[in-house]
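Fold and contact review
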Amino acid sequence: EAGVAQSPRYKIIEKRQSVAFWCNPISGHATLYWYQQILGQGPKLLIQFQNNGVVDDSQLPKDRFSAERLKGVDSTLKIQPAKLEDSAVYLCASSLSFQGSYNEQFFGPGTRLTVL
Amino acid sequence: EDKVVQSPLSLVVHEGDTVTLNCSYEVTNFRSLLWYKQEKKAPTFLFMLTSSGIEKKSGRLSSILDKKELSSILNITATQTGDSAIYLCAVEKAGANNLFFGTGTRLTVIP
């Protein structure tokens, strides 16, 4: 079974530039998550999708971050404009469904973003 | 405010040692506690705990939840260099199926 795919794996940009990350979840997984992991911290949920609808985006800095999952499969996360404090690893995860009992989340390899 | 605290933040041991990692939490509507191992980038699932006092075991790793003390421990016996990683504790809140992570414990096992 193919895992969660993410690209690019690494990205270096200057502050005030924009950047986009792509995630393709495991086939059949309805729920998709984007996490931000700053060095030395645990992952922090940015946004959770169920199919193409947003379930939770309470911690997404909406003035600069946006995310979409238009067809309920792959997703993009965009930052515009980037700030120095956005330097982090951006992890995408997917699970079968969020309803009912916990469904294991499978994580992708992440994208390491460096903002100079 | 929800909080998940892990200790120690980092630990260096020799191969063969036994280690105990701690996780304490303060969250509303607790549902379950999960442990993940993170090598390089992607966290991988280890255990999910929902009931107090029931140990979960997988090889040399085991974990138990204490709902009265709002805490959990992860034990690793006979450590190997391949156990070197960051161990993350996360809490799932009822009705959410998303995870609130602690900062992790970085374990280094030296030969």
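Residues numbered from 1 in each chain as written. Chains lettered and ligands numbered in written order. Predicted model: local features only at pLDDT ≥ 70, side-chain atom pairs only at ≥ 80, totals over all residues. Heavy atoms only, no water.

When you go through chain B residue by residue, the secondary structure sums to zero helices and eleven strands. For 111 residues, the compact-globule estimate of 2.2 N^0.38 gives 13 Å, and chain B sits close to it at 13 Å. Principal-axis analysis of the C-alpha atoms places the extent of chain B at approximately 45 × 30 × 20 Å. For chain B, the residues scored as buried account for 42% of the 111 residues in total. Within chain B, residue pairs in contact and separated by at least 24 positions form 55% of the contacts whose partners lie at least 6 positions apart. For chain B, the accessible surface area stands at approximately 5300 Å², while carbon and sulfur atoms represent 51% of it. Charge-centre separation for chain B: the mean point of 12 positive side chains lies 5 Å from the mean point of 11 negative side chains. (Helix = DSSP H or I, 4+ residues; strand = E, 2+ residues; numbered from the N terminus. Rg over C-alpha atoms; globule rule 2.2 N^0.38 Å. Buried < 20%, exposed > 50% of the residue type's maximum accessible area, 1.4 Å probe, protein only. Contact = heavy atoms within 4.5 Å. Areas by Shrake-Rupley, 256 points an atom, 1.4 Å probe, with all protein chains shown as cover. Lys, Arg positive; Asp, Glu negative; His and termini not counted. Charge placed at Lys NZ, Arg CZ, Asp CG, Glu CD.)

Next up on the list: the confidence of the model for chain A. Of the residues in chain A, 95% have a pLDDT of 70 or more, and the chain-wide mean is 92. At the low end of the mean pLDDT range in chain A sits strand S6 (residues 53-56) of chain A, at 90; at the high end sits strand S8 (residues 75-79) of chain A, at 98. (pLDDT = per-residue confidence, 0-100.)

A separate point is the state of the cysteines. Residues and elements named next belong to chain B. In total, this model carries two disulfides over all chains according to the counting rule given. Between the sulfur of Cys23 and that of Cys89 lies a disulfide, 2.0 Å long from S to S. Between Cys23 and Cys89 the disulfide shows an S-S torsion of about -65°. By sign, it is left-handed. With Cys23 in strand S3 (residues 19-26) and Cys89 in strand S9 (residues 85-93), the pair connects residues that are 66 residues apart, well separated along the chain. A relative accessible area of 2% places Cys23 in the buried class. (Disulfide = S-S within 2.5 Å.)

Moving on to the side chain of B:Thr105. Residue and element names in this part refer to chain B. On the secondary structure map, Thr105 appears in strand S11 (residues 105-110). Judged by its relative accessible area of 0%, Thr105 falls in the buried class. A polar side-chain atom of Thr105 sits 2.5 Å from the main-chain carbonyl oxygen of Pro8. Leaving out residues up to four positions away in the same chain, Thr105 has contacts with Gln6, Ser7, Pro8, Leu9, Leu21, Ala85, Ile86 and Tyr87. (Polar contact = N/O pair within 3.5 Å; in protein donor to acceptor, adjacent residues only side chain to side chain.)

Taken as a whole, this structure holds five salt bridges over all chains when the rule is applied. In this structure, A:Asp86 and A:Arg64 form a salt bridge, with 2.5 Å as the shortest nitrogen-oxygen distance. A residue pair is termed long-range when its members are at least 10 positions apart, and A:Asp86 in the loop between S8 and strand S9 (88-95) and A:Arg64 in the loop between S6 and strand S7 (65-68) qualify at 22 residues. An identical accessibility class is assigned to A:Asp86 and A:Arg64; each is buried. Here B:Lys93 makes a salt bridge to B:Asp2, at a shortest N to O gap of 2.6 Å. Linking B:Lys93 in strand S9 with B:Asp2 in the segment before strand S1 (3-7), this pair joins segments that are 91 residues apart in sequence. (Salt bridge = Lys/Arg side-chain N within 4 Å of Asp/Glu carboxyl O.)

On to the interface of chain A and chain B. Counting residues at the interface gives 28 residues for chain A and 19 residues for chain B. Summed over both partners, the interface of chain A with chain B comes to about 1700 Å²; 52% of that surface belongs to carbon and sulfur atoms. Where chain A touches chain B, the interface holds zero salt bridges. The interface formed by chain A and chain B includes two residue pairs in polar contact (both at pLDDT 80 or more). For the side of chain A that touches chain B, the secondary structure elements donating two or more residues are strand S4 (31-37), strand S5 (44-50) and S9 of chain A. (Buried area = accessible area lost by both parts, 1.4 Å probe.)

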